[in-house]
Amino acid sequence: DQQVKQNSPSLSVQEGRISILNCDYTNSMFDYFLWYKKYPAEGPTFLISISSIKDKNEDGRFTVFLNKSAKHLSLHIVPSQPGDSAVYFCAAVYGGSQGNLIFGKGTKLSVKP
Amino acid sequence: NAGVMQNPRHLVRRRGQEARLRCSPMKGHSHVYWYRQLPEEGLKFMVYLQKENIIDESGMPKERFSAEFPKEGPSILRIQQVVRGDSAAYFCASSSPGQGARDYGYTFGSGTRLTVV
């Protein structure tokens, strides 16, 4: 039973355009959501997070939007750069938990020059 | 300031052998998390440890897997009598007290890729 779902295994975008990565979740007890970026043979790197009480958080080229009623979040990267090519994981944390992360399966982003 | 160090990077074991994976957290971090990533899957939580204490092992398989984080030295994830299904990438993450995933995310190591032949 997958509680965090990333339904697009891959996404291809032209350099300079917007990349939109999507994530759906099923458990309304999640109180925080995070995005990680992962290159091959490396560990995940934290990108940006958002609390469930907010609907938007922005950090440079990265913006995360949260729609609680739809149980959906998205990561926007503008403008996309070839160095953004990686696998992006959506993760969630239960309210009151020790902070264990529940990960989606990831979306592989390819940014073409 | 070295990040989270995991070794070995690659480990090959025959079925039935033991695998020991090591994780040295970032300096000043006393909380360690272990995650496993099977092929084509996301990372799955295994265990959360503080120095000399297992806080949450709800993601650990009931048999053959154990973890420790001694007062001195790295955290160890131990897999006894490995089987082919244990082949995966094992990642360790660390944080300091009060610095939760909610605010900063965790710092992950580069992982150990275990192959069971």
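Residues numbered from 1 in each chain as written. Chains lettered and ligands numbered in written order. Predicted model: local features only at pLDDT ≥ 70, side-chain atom pairs only at ≥ 80, totals over all residues. Heavy atoms only, no water.

### Re the overall build of chain A
In terms of regular secondary structure, chain A is built from zero helices and 11 strands. Taken from N to C terminus, the helices and strands of chain A fall in the order β-β-β-β-β-β-β-β-β-β-β. Taken against the 2.2 N^0.38 rule, which gives 13 Å for 113 residues, the C-alpha radius of gyration of chain A at 13 Å falls within 12% of a compact globule. Expressed along its principal axes, the backbone C-alpha trace of chain A runs to roughly 45 × 30 × 20 Å. Going through the 113 residues of chain A one by one, you find that 45% of them count as buried. (Helix = DSSP H or I, 4+ residues; strand = E, 2+ residues; numbered from the N terminus. Rg over C-alpha atoms; globule rule 2.2 N^0.38 Å. Buried < 20%, exposed > 50% of the residue type's maximum accessible area, 1.4 Å probe, protein only.)

### Focus: the environment of Glu68(B)
Residue and element names in this part refer to chain B. Within the element layout of this structure, glutamate 68 appears in strand E7 (residues 65-68). Among the residues examined, glutamate 68 registers a relative accessible area of 43% and is labelled partly exposed. Glutamate 68 sits 36 residues away from valine 32 along the chain, and the two C-alpha atoms are 9.8 Å apart. Here glutamate 68 is in contact with Leu49, Pro74, Ser75 and Ile76, once residues within four sequence places are set aside. (Contact = heavy atoms within 4.5 Å.)

### Examining the interface of chain A and chain B
Reports often express the size of an interface as the amount of accessible area lost when the parts come together. Facing 24 residues of chain A, the contacting portion of chain B comprises 23 residues. Summed over both partners, the interface of chain A with chain B buries about 1800 Å², with 52% contributed by carbon and sulfur atoms. One can count one salt bridge joining chain A with chain B. Counting the contacts that link chain A with chain B gives five residue pairs in polar contact (both at pLDDT 80 or more). For the side of chain A that touches chain B, the secondary structure elements donating two or more residues are strand E4 (30-38), strand E5 (45-51), strand E9 (86-94) and strand E10 (101-103) of chain A. Ranked by the residues each element gives to the side of chain A that touches chain B, the list is headed by E4(A), at five residues. Looking at the side of chain A that touches chain B residue by residue, the class counts come to 11 nonpolar, nine polar and four charged. (Buried area = accessible area lost by both parts, 1.4 Å probe. Salt bridge = Lys/Arg side-chain N within 4 Å of Asp/Glu carboxyl O. Polar contact = N/O pair within 3.5 Å; in protein donor to acceptor, adjacent residues only side chain to side chain. Nonpolar A, V, L, I, M, F, W, Y, C, P; charged D, E, K, R; others polar.)

### A few points about unusual backbone geometry
Trans is the common state for peptide bonds, and a negative phi is the common state for residues other than glycine. The step from Val78(A) to Pro79(A) runs through a cis peptide bond, and the omega angle for that step is -15°. Of note, the bond from Asn7(B) into Pro8(B) is cis; its omega dihedral lies within 30 degrees of zero at -5°. The residue Pro8(B) is located in the loop between strand E1 (5-7) and strand E2 (10-13) in this model. Here the phi dihedral of Arg64(B) falls at roughly 75°; this positive angle occurs in a residue that is not glycine. With respect to the helices and strands, Arg64(B) occurs in the loop between strand E6 (53-56) and E7. A relative accessible area of 26% places Arg64(B) in the partly exposed class. Despite not being glycine, Gln81(B) has its phi angle at roughly 45°, a positive value. You can see Gln81(B) is positioned in the loop between strand E8 (75-79) and strand E9 (88-95). Assessed through its relative accessible area of 52%, Gln81(B) is described here as exposed.

### A closer look at the environment of Ile18(A)
Residue and element names in this part refer to chain A. Structurally, the position occupied by isoleucine 18 is in the loop between strand E2 (10-14) and strand E3 (19-25). Note: C-alpha distance between isoleucine 18 and valine 111 (93 residues apart in sequence) is 9.9 Å. Leaving out residues up to four positions away in the same chain, isoleucine 18 has contacts with Val13, His76, Ile77, Val78 and Ser80.

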